[in-house]
Amino acid sequence: KTEIVLFLGCFAHTGPDKIFTAIDIFSKLNRDFIALGGGVSACCGAAYALVGDVEAADKAARKLLADIAAFQPQHAVFWCPSCLSRLSTIYASDFSRSIKYQHLSSFLAENMNQLNFIHKINKVVTVHDPCHLARGLGEFEASRKILSKIPGIRVVEMAHTKEDTLCCGIGAGLGDAEAAKAFTNQRLNEARDCGADTLITLCPGCQAAFFPGEFTHGLSVKTLVEMVGEAMGIQYEDKFKKLAM
């Protein structure tokens, strides 16, 4: 039994530095929690649905919800907005009424008074709202609430933001690489044009799509977790970027 289950999903494992940062942040909250890794044994079902295996997708989703509920938590916190959007859209009737299901950004925003920001970060940041979080779940204020409280940070907005957000391109990349590149470049251009020096992501897929912007557009591409961690004095080497390049 635990108060909080942090479900990492499968894509988060491409960035172990970010997982370590999130776990350290949760540890500093002095709350009882477990981090549940994603993969074959713990999946929202999206990977199976993408290849048309509806039966496997359904089985995986129901198993994940049962596994989370088995810990009897008060909070189920999802790293990946796509996992949460899928489950809340298709399996809302399977949600336990005693559990609050929410995205990581929402949970951190609700617990900001326990986040000790000890470092000033002099950056101008803009937030990319993931499709499944902004349009799917209607959540886009939590990340801005957190960032605005970090000393030194100034938040600016892109031309398309919040409920009018644009796709990062990774979805298009499943079928058309050129279309994906066009989507990604359009978004990176908007981030640069609004005067930001840092692009903040909230989805591991978006992070993977945008990180080359550090080399092509002169932007720093960071996850919300990394920014919170840096302000709290928590940092790990980002080996994903290093190895991917």
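Remember, predicted model here, so these are calculated numbers, not experimental data.

What counts, and where the lines are drawn
- Sequence order as written defines residue numbering, which begins from 1 separately in each chain.
- Two thresholds apply to this predicted model, a pLDDT of at least 70 for residue-level local features and 80 or more for giving and counting side-chain atom pairs, whereas whole-chain, interface and lining totals are computed over all residues.
- Side-chain metrics in this entry use all non-hydrogen atoms of the structure; hydrogen atoms and water are not considered.
- A run of H or I in DSSP becomes a helix once it reaches four residues, and a run of E becomes a strand once it reaches two; helices and strands are each numbered from the N terminus.
- Note on classification: 1.4 Å probe, protein chains only; a residue is buried when its accessible area is under 20% of the maximum for its type, exposed when over 50%, partly exposed between these limits.
- Whether two residues are in contact is decided by their heavy atoms: any pair within 4.5 Å suffices.
- Note on areas: Shrake-Rupley with a 1.4 Å probe; residue coverage comes only from the protein chains shown.
- Residues counted as positive are Lys and Arg, residues counted as negative are Asp and Glu, and His and the chain ends are not counted.
- Note on charges: their place is set at NZ of Lys, CZ of Arg, CG of Asp or CD of Glu.
- The pairing criterion is simple: DSSP has to find at least two bridges between the two strands.
- By convention, a crossover is right-handed whenever its connection, traced from the first strand over the helix to the second and viewed with the strands pointing away, goes clockwise.
- Between the N-to-C directions of two axes lies an angle of 0 to 180 degrees, each axis being a line fitted to C-alpha atoms and, for a helix, fitted only over the stretch in contact.
- Nonpolar cores are built from buried Ala, Val, Leu, Ile, Met, Phe, Trp, Tyr and Cys residues. Side-chain atoms within 4.5 Å join them into one set.
- The aromatic pairing rule takes the rings of Phe, Tyr and Trp, using the six-membered ring of Trp, and pairs them if the centres are within 6.5 Å, calling planes under 30 degrees apart stacked, those over 60 edge-to-face and the rest tilted.

Q: Describe the overall build of the protein, naming the residues involved and giving the relevant values.
A: Within the protein, the regular secondary structure consists of twelve helices and eight strands. Oriented by its inertia axes, the alpha-carbon framework of the protein measures out at about 45 × 45 × 35 Å. By the burial criterion, 51% of the 245 residues in the protein qualify as buried. Across the protein, contacts joining residues at least 24 apart in sequence account for 75% of those joining residues at least 6 apart. A total of about 11300 Å² of accessible surface is found on the protein, and carbon and sulfur atoms cover 53% of it. Each charge class in the protein can be summarised by its mean position, and for the 25 positive and 26 negative side chains these summaries are 4 Å apart.

Q: Hey, could you go over the pairing of strand β2 (residues 33-37) for me, with residue numbers and the actual values?
A: When strand β1 (residues 4-9) meets β2, the two strands line up parallel, connected through five bridges. Its bridge partner lying in β2, L6 is registered against A35. Assessed by its sense of winding, the connection that carries the chain from β1 through helix α1 (residues 16-28) to β2 is right-handed.

Q: So what's going on with the pairing of strand β7 (residues 198-201)? Which residues, and what values?
A: Put simply, side chains in a regular strand alternate between the two faces of the sheet. On β7, burial covers both faces: T198 and I200 on one face and L199 and T201 on the other are all buried. Where strand β5 (residues 123-127) and β7 come together, three bridges link them in parallel fashion. Within β7, the position partnered with V125 by the bridge is T198. One ladder, built from four bridges, connects β7 with strand β8 (residues 220-223); its direction is parallel. The residue bridging L199 from the neighbouring strand is V221, located in β8.

Q: Any chance you could break down the sheet that holds strand β3 (residues 75-78) for me, citing the residues and the numbers?
A: Read across the open sheet, the four strands follow the order β2-β1-β3-β4; overall the sheet is parallel. Taken across any chain shown, the strands that pair with only one partner, and hence form the sheet edges, are β2 and β4 (100-103). Geometrically, the sheet is characterised by an average inter-axis angle of 20° between neighbouring strands, direction not taken into account. Relative to β4, β3 runs parallel, the two being bridged by four bridges. Pairing of A76 across the sheet is with Y101, part of β4. Against the sheet, helix α4 (residues 81-90) makes contact with β1, β3 and β4, and its axis sits at roughly 140° relative to β4, the strand it touches most.

Q: So what's going on with the nonpolar core? Residues and values would help.
A: F26, L115 and L147 are the most contacted members of the largest nonpolar core, which has 37 residues in total. If you list the elements that add at least two residues to this core, you get β1, α1, α5 (104-110), β5, α7 (141-149) and α11 (224-231). Here the element with the most residues in this core is α11; it accounts for five residues. If sequence neighbours within four positions are ignored, L115 has contacts with I25, L29, L108, V228 and M232.

Q: Got a sec to walk through the packing of aromatic side chains? Specific residues and values, please.
A: Each pair of aromatic rings is reported with the distance of its centres and the angle of its planes. Per the counting criterion, the structure on display carries six aromatic pairs. Their ring planes at 75° and their centres at 5.3 Å tell us that F211 and F240 sit as a pair that is edge-to-face. Taken together, the residues F211 in the loop between α9 (204-210) and α10 (213-216) and F240 in helix α12 (residues 239-244) connect sequence positions 29 residues apart. Residue classification places F211 among the buried residues on the basis of a relative accessible area of 6%. For F240, a relative accessible area of 23% puts it in the partly exposed group. Site record: aromatic cluster; members linked through ring pairs are F26, F33 and F107.

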